[in-house]
Amino acid sequence: MLESPANPSASKASDIRRRNRRLMLHELRLCGSLSRAELARATGLTPPAIASIIQDLLDAGLVREAGRRKSARGQPPIEIEIAREGGYAVGLRVETRGYDFVVSDLGGEVVASGRGQIPGEQPEELLAFLTALYEGLAEKYGAGRSLGLGLVTPGPFDAIWPGIPTPGAIAALQTRSLVDTLTERLGVDVFLENDATAAALGEQLNGVARGANHFFYIFVGEGVGGGIVMKGESYRGDSGNAGEFGHLIVDPAGPRCYCGNHGCLGQYLSLSSLRTFQATQPGMTAEAAEEEWLIGAARALSQALVTVENLLDPETIVLGGAAPSQLLARLFDHVGEMRPSVRLGRQGRLLLSDLGERSASYGASALPIIAVTSPF
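For clarity, every value in this text was computed on a predicted model and none was experimentally measured. (Residues numbered from 1 in each chain as written. Predicted model: local features only at pLDDT ≥ 70, side-chain atom pairs only at ≥ 80, totals over all residues. Heavy atoms only, no water.)

Draft legend 1. Expanded view of helix H10 (residues 325-335). Turning to H10, its buried residues number three or more, namely Leu-327, Leu-328, Leu-331 and Val-335. For H10, the buried positions fall inside an angular range of 100 degrees around the axis, keeping them on one side. Looking at H10, the residues exposed on the side facing more than 90 degrees away from the buried face are Ser-325, Gln-326 and Asp-333. Contacts made by the buried residues of H10 are with strand E9 (215-220), helix H7 (266-269), helix H8 (271-279), helix H9 (286-312), strand E12 (316-321) and strand E13 (350-352). Looking one or two residues past H10, Gly-336 carries a phi angle of roughly 65 degrees, positive in sign. (Buried < 20%, exposed > 50% of the residue type's maximum accessible area, 1.4 Å probe, protein only. Helix = DSSP H or I, 4+ residues; strand = E, 2+ residues; numbered from the N terminus. Arc of directions from axis to C-beta. Contact = heavy atoms within 4.5 Å.)

What follows is the structure, encoded as structure tokens:
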């Protein structure tokens, strides 16, 4: 039986205050700086509530007074803005090939980045490595100012496939239970996300999808993933596994996929499918085999894009991921003119990412920041 809180009314009041605080930070993150009166209008909160929460945020070092705004009449209002140095977040993308990380300040600006190889994939050695990496960064940038760790890796999570694991995925990170253990070790919030959803967030904040409220992101790596953004927010689905674009069936008579179906898009579009194709073409040079693969991959992707557009009606679709940028550019060119869909006649239906694989780690570092500043 679940135990009731000792003081339900106090718990509810705390939740409301926490939500109001995040709501205010969310408005500041979007607008840059606002006066107290503007914050009251934007959030719907009363001036006394605004004053109280601002004082809390000032004391916590999350916001600061940016001075008085120039005004032609009357006493100029004091502007409030997010204190970028008031906190930081670590974003970390991990897969079988290695890892890359980003450290961002409270305003989302990248202050450090790096990459390397993981020592192994066994749960305990992976936990030890992740703990040491995070604690080293926390010591450098101030453990007391940490907003948490965003950890991204290929999905799906806690799903049962009849075949092999997701290409590029580390088995120990395919379950959320390891994150619970990591959270206890680090003493900060750890936000687990699949690489495609995180990359979509990275594109929204730092890439070609900046300002877009409805878009779809395609992550091409060892496997293929998709990130869905609706009304400016990531859509994750019931179990957090929405966007498994690589398992959209483009040919029911195609090769068997590790998920148990046949003809999934990932069997034609992923880096692992490229290596498989090259290995089965002994009479071709590597360059010729790659070109032949690109033709087939673009054909399969073109079919899948129609389904995405007709189903989601996005402003745009962004092509990116961990695949080499030159390969993605050639794939983009091979897709050519988009097939007819509900988006026919619109400009910019398919865009090529200029962030590459960095988009996922950028998005990872934003996860803790959004948890603090988002009203939801």
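Draft legend 2. Quick peek at the packing of helix H2 (residues 36-43) against helix H3 (residues 47-60). The geometry of H2 relative to H3 is characterised by a closest axis approach of 10 Å and an angle of 110 degrees between their N-to-C directions. Judged by the inter-axis angle, H2 sits roughly perpendicular to H3. Every pair of crossing elements has a handedness; the one defined by H2 and H3 is right-handed. Contact residues: H2 offers Arg-36, Leu-39, Ala-40 and Thr-43, while H3 offers Ile-50, Ile-54 and Leu-58. (Axes fitted to C-alpha atoms, helices over the stretch in contact; angles between N-to-C directions. Parallel < 35°, antiparallel > 145°, perpendicular 65-115°, else oblique. Left-handed = near helix turned anticlockwise from the far one by under 90°.)

Draft legend 3. Quick look at the pattern of salt bridges. Applying the stated rule across the entire model yields 17 salt bridges. Residues Asp-105 and Arg-84 are paired through a salt bridge, measuring 3.6 Å at the closest nitrogen-oxygen approach. Of this pair, Asp-105 sits in strand E5 (residues 98-105) while Arg-84 sits in the loop between strand E3 (78-82) and strand E4 (88-95), and the two are 21 residues apart along the sequence. According to the relative accessible area criterion, Asp-105 is buried, its value standing at 12%. The class for Arg-84 is partly exposed, based on a relative accessible area of 35%. With a shortest N-O distance of 2.9 Å, Arg-343 and Asp-313 are connected by a salt bridge. Placement of the pair is Arg-343 in the loop between H10 and E13 and Asp-313 in the loop between H9 and E12, with a sequence separation of 30 residues. Where salt bridges share partners, they join Arg-93, Glu-95, Arg-97, Asp-100, Arg-115 and Glu-357 into one cluster. (Salt bridge = Lys/Arg side-chain N within 4 Å of Asp/Glu carboxyl O.)

Draft legend 4. Structural detail: the packing of helix H4 (residues 123-141) against helix H5 (residues 177-186). The N-to-C vectors of H4 and H5 enclose an angle of 40 degrees; their axes lie 10 Å apart at closest approach. If you check the angle between H4 and H5, you find them oblique. When you trace H4 past H5, the crossing you get is right-handed. Residue-level inspection shows Pro-123, Glu-124, Leu-127, Ala-128, Leu-130, Thr-131, Tyr-134 and Glu-135 of H4 in contact with H5, the latter providing Leu-178, Thr-181, Leu-182, Arg-185 and Leu-186. Of the residues assigned to the contact of H4 with H5, the class counts are eight nonpolar, two polar and three charged. (Nonpolar A, V, L, I, M, F, W, Y, C, P; charged D, E, K, R; others polar.)

Draft legend 5. Representation of the sheet that holds E12. Strand order in the open sheet formed by five strands is E11-E10-E9-E12-E13, and the pairing between neighbours is mixed. Only two strands of the sheet have a single neighbouring strand rather than two, namely strand E11 (233-235) and E13. Adjacent strand axes in the sheet meet at a mean angle of 30 degrees when their direction is disregarded. Alignment of E12 against E13, held across three bridges, turns out to be parallel. Among the inter-strand pairings, Leu-319 is bridged to a residue of E13, identified as Leu-352. The strands touched by H10 are E9, E12 and E13; relative to E13, the strand with the most contacts, the crossing angle is about 160 degrees. (Pairing = 2+ DSSP bridges.)

Draft legend 6. Broad picture of empty space enclosed by the protein. In total, this model carries two cavities of 30 Å³ or more according to the counting rule given. Size it by volume and the largest cavity reaches roughly 160 Å³. If you go around the largest cavity, you meet 20 residues; those closest to its centre are Pro-154, Thr-166, Asp-195, Val-224 and Gly-225. Elements supplying a minimum of two residues to the lining of the largest cavity: helix H6 (195-206) and strand E10 (224-230). Top element by residues in the lining of the largest cavity is E10. It accounts for three residues. (1 Å grid on protein atoms, 1.4 Å probe; cavity = no way out; pocket = protein on both sides within 12 Å on 5 of 7 lines; lining within 4 Å. Points joined across faces, edges and corners; volume = space filled by probe spheres on them.)

Draft legend 7. Structural detail: the environment of Ser-353. Along the chain, Ser-353 falls in the loop between E13 and helix H11 (358-373). We classify Ser-353 as buried; its relative accessible area is 13%. Sequence separation between Ser-353 and Val-208 is 145 residues; the distance between their C-alpha atoms is 6.2 Å. In contact with Ser-353, other than residues within four places in its own chain, are Glu-203, Val-208, Val-318, Leu-319 and Gly-320. Side-chain polar atoms of Ser-353 contact the side chain of Glu-203, separated by 2.3 Å. (Polar contact = N/O pair within 3.5 Å; in protein donor to acceptor, adjacent residues only side chain to side chain.)

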